[in-house]
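Listed below, chain by chain, are the residues.
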Amino acid sequence: LYLILSRPVPRASFLCGRYFGTVAAAGTAAAAMVACQAVLLLAKGWTPTWELPLAFWGVLLKLCLTGAVATLLALVSTSVLSAMTMTSVVWVLGHFVAEIRFLSERSQGVLTGLITPAAYILPNFALLNYRDRLHVPGAGLGEPLLWGALYAVVYTAVCLGLTAALFRRREF
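Residues numbered from 1 in each chain as written. Predicted model: local features only at pLDDT ≥ 70, side-chain atom pairs only at ≥ 80, totals over all residues. Heavy atoms only, no water.

**What about the confidence of the model for the protein chain?**
- Here the protein chain shows a mean pLDDT of 88. Residues at 70 or above account for 90%.
- Of all secondary-structure elements in the protein chain, the lowest mean pLDDT belongs to helix H1 (residues 2-6), at 61, while helix H4 (residues 80-94) reaches the highest, 94. (pLDDT = per-residue confidence, 0-100. Helix = DSSP H or I, 4+ residues; strand = E, 2+ residues; numbered from the N terminus.)

**Things to note about the environment of Leu128**
- By the secondary structure assignment, Leu128 is in the loop between helix H6 (110-121) and helix H7 (142-169).
- For Leu128, a relative accessible area of 2% translates into the label buried.
- Sequence separation between Leu128 and Tyr151 is 23 residues, and the spatial gap between their C-alpha atoms is 9.1 Å.
- For Leu128, the residues in contact, after removing those within four places along its chain, are Gly58, Leu61, Lys62, Leu65 and Gly148. (Buried < 20%, exposed > 50% of the residue type's maximum accessible area, 1.4 Å probe, protein only. Contact = heavy atoms within 4.5 Å.)

**Quick look at the packing of helix H2 (residues 11-43) against helix H3 (residues 51-76)**
- Relative to each other, H2 and H3 sit at 150°, their axes nearing to 9 Å. One way to sum up the angle between H2 and H3 is to call them roughly antiparallel. Taken as a pair, H2 and H3 cross one another with a handedness that is right-handed. Across from Leu15, Arg18, Tyr19, Val23, Ala26, Gly27, Ala30, Ala31, Val34, Gln37 and Ala38 in H2, the residues of H3 making contact are Leu52, Phe56, Val59, Leu60, Leu63, Cys64, Gly67, Ala68, Thr71 and Ala74.
- Class assignment for the residues of the contact of H2 with H3 results in 16 nonpolar, 4 polar and 1 charged. (Axes fitted to C-alpha atoms, helices over the stretch in contact; angles between N-to-C directions. Parallel < 35°, antiparallel > 145°, perpendicular 65-115°, else oblique. Left-handed = near helix turned anticlockwise from the far one by under 90°. Nonpolar A, V, L, I, M, F, W, Y, C, P; charged D, E, K, R; others polar.)

**Observations regarding the environment of Thr66**
- Examined against the element boundaries, Thr66 turns out to sit in helix H3.
- Accessibility expressed as a relative area gives 18% for Thr66, which makes it buried.
- Linking Thr66 and Phe125, residues 59 residues apart in sequence, is a C-alpha distance of 9.5 Å.
- Other than its neighbours up to four places away in sequence, Thr66 contacts Thr87, Trp91 and Phe125.

**Topic: the side chain of Asn124**
- Position of Asn124 among the secondary structure elements: in the loop between H6 and H7.
- On the basis of relative accessibility, which here comes to 11%, the residue Asn124 falls in the buried class.
- Excluding residues that lie within four positions of it along the chain, Asn124 makes contacts with Gly94, Val97, Arg101 and Tyr151.

Rendered as structure tokens:
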């Protein structure tokens, strides 16, 4: 890190490179897994449909969100282990945002003041679970695809913008 930052590389460029490298590495691994799954399914007589690429699109959007959150938490935390732990906790809690919002509606007092902001700060990964909607009659995918992609782009941009602002103020 110190050797890279000693050169005249803008800090925002460094963060973008780190983020896109992380997402590209994770996306490549996920694509390899999807390709292996498709080969196995084809060997078993599966007829290709649009469902597998659609589910993979949701996975890629989750990777983009998680990469942005991980980049932010890596800057805020003091060690790699704590950043990984916090990212894992955010990943798990992000899949239960609907339940957290339900709890905030049912809770009273100081607990509501703690739970309600968390429900809106955490990434809502349920919006990107396209595979859950594939076999629900009348669910429709057009609008959820658009809103999910827009949500992922905006949340990622906010996380990366916050990370860049914090990194700009950091002294080494």
